[in-house]
Amino acid sequence: MRLLNTKTLEVEEFPDNTPIYAILSHTWEKEEVDKIWNACKYVQRYKFEWIWIDTCCIDKTSSAELSEALNSMYKYYGEGRICIAYLSDVSNGRSLTGLDQFKKSRWFERGWTLQELIAPRHVVFLDQEWSSIGTRYGMRHVVSEVTSIPVKLFEGRSHERGGELEDYSIAQRMSWAASRRTTREEDMAYCLMGIFGVNMPPIYGEGGAKAFMRLQLEIIKYSDDQSIFAWVESEDCERNRGLFASSPSEFAPSGQICKSDSEDLGEKSSFSFSNNGLRIHLHL
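No experiment lies behind these values; they were computed from the predicted model shown.

(A) The arrangement of the overall build of the protein in detail. Looking only at helices and strands, one finds eleven helices and nine strands in the protein. Within the span of the protein, comprising 284 residues, buried residues form 48% of the whole. As displayed, the protein has an accessible area near 14,800 Å², and 48% of this comes from carbon and sulfur atoms.

(B) Summary view of the packing of aromatic side chains. Going through the model one piece at a time under the given rule, you end up with 13 aromatic pairs. Their ring planes at 50 degrees and their centres at 5.3 Å tell us that tryptophan 52 and tyrosine 76 sit as a pair that is tilted. Of the two residues, tryptophan 52 sits in strand β4 (residues 50-52) while tyrosine 76 sits in helix α3 (residues 63-79), which places them 24 residues apart along the sequence. The same class applies to tryptophan 52 as to tyrosine 76, namely buried. Aromatic pair tyrosine 190 and tyrosine 204: ring centres 5.4 Å apart, planes at 85 degrees, arrangement edge-to-face. Placement of tyrosine 190 in helix α9 (residues 187-190) and of tyrosine 204 in the loop between α10 (193-196) and α11 (208-222) is noted, with a sequence separation of 14 residues between them. On the basis of relative accessible area, tyrosine 190 is assigned to the buried category, the value being 1%. The class of tyrosine 204 is partly exposed, set by a relative accessible area of 26%.

(C) View of the nonpolar core. By size, the foremost hydrophobic cluster in this structure holds 81 residues, and its most contacted members are Ile51, Trp52, Phe125, Leu192 and Leu215. Considering each element in turn, this core owes the most residues, seven residues, to α3. Two domains each put at least three residues into this core: domain 1 (1-165) and domain 2 (168-283).

(D) Inspection of the pattern of salt bridges at higher detail. Using the criterion set out here, one finds eleven salt bridges in the structure. Notably, a salt bridge pairs arginine 2 with glutamate 65, separated by 2.0 Å at the nearest N-O pair. Of this pair, arginine 2 sits in strand β1 (residues 2-5) while glutamate 65 is found in helix α3, placing the two residues 63 residues apart along the sequence. Look at glutamate 65 and you get buried, because its relative accessible area is 18%. Residue arginine 106 pairs with glutamate 29 through a salt bridge whose shortest N-O separation is 2.6 Å. Placement of arginine 106 in the loop between α4 (96-104) and α5 (112-118) and of glutamate 29 in the loop between β3 (22-25) and α1 (32-44) is noted, with a sequence separation of 77 residues between them. The partly exposed category is assigned to glutamate 29, whose relative accessible area is 30%. Each member of the salt-bridge network shares a partner with another, and the members are Glu29, Glu32, Lys35, Asp89 and Arg106.

Parameters and conventions
Residues numbered from 1 in each chain as written. Predicted model: local features only at pLDDT ≥ 70, side-chain atom pairs only at ≥ 80, totals over all residues. Heavy atoms only, no water. Helix = DSSP H or I, 4+ residues; strand = E, 2+ residues; numbered from the N terminus. Buried < 20%, exposed > 50% of the residue type's maximum accessible area, 1.4 Å probe, protein only. Areas by Shrake-Rupley, 256 points an atom, 1.4 Å probe, with all protein chains shown as cover. Phe/Tyr/Trp six-rings, centres within 6.5 Å; stacked < 30°, edge-to-face > 60°. Core = buried A, V, L, I, M, F, W, Y, C linked by side-chain atoms within 4.5 Å. Domains from an automatic or database assignment. Salt bridge = Lys/Arg side-chain N within 4 Å of Asp/Glu carboxyl O.

In structure tokens form, the structure reads like this:
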């Protein structure tokens, strides 16, 4: 793992014994250098010597390192001592106008920021002047309203009690990403790997639908939650497409579908795939 020294602005690699670090969540823009400098300056106030920022802590010229980073991103955000979420399109965040801007911020529209909202133990939202808007816990009801993520999850992440991510069905978690977008279509699948606790190599050029298919195949290797099939196809979708959704957007109506409880019924459902299709054992 590479970390940026907040004083020297030099990147150092830590193969093990990773020091305490802060982590930045943001949407990409033109002035990334200024953003790095301001992020370091902000966390220095709280005595952080190290920070992780995707713009300078990932060697994107190395396909192996990029794959490792994408598969480790949820872990990086989860292990950071604090995540600062910089919302560049929000001004004077503590005002009524700022609150309205907060709700409409593009930060809530991006695919990668979903895991950056959920994974950290503590999140602080900052406006374009790098002033605090509030914490994820303090603003949990507003954030829940914007994202449709239950308040209980944010309470659990901040206080280590209840509200674990695994308590929510696959369909529910997919629905949280339904209205989000990524610059590269394949990233809409890759950005969800940490949310479902799976890993797979990124293959840019395979297309968004194929990448999302691979994601679902990985999920059913570890989960018997039948809600993965609780999606609704779009009107312009091709027919005879199979059992899997083509994107998270097809889970938009599925936010209230609870996790299947087959073990409590005395029988555990199972999935298996072959070249002939899906074999599934269900309790009816």
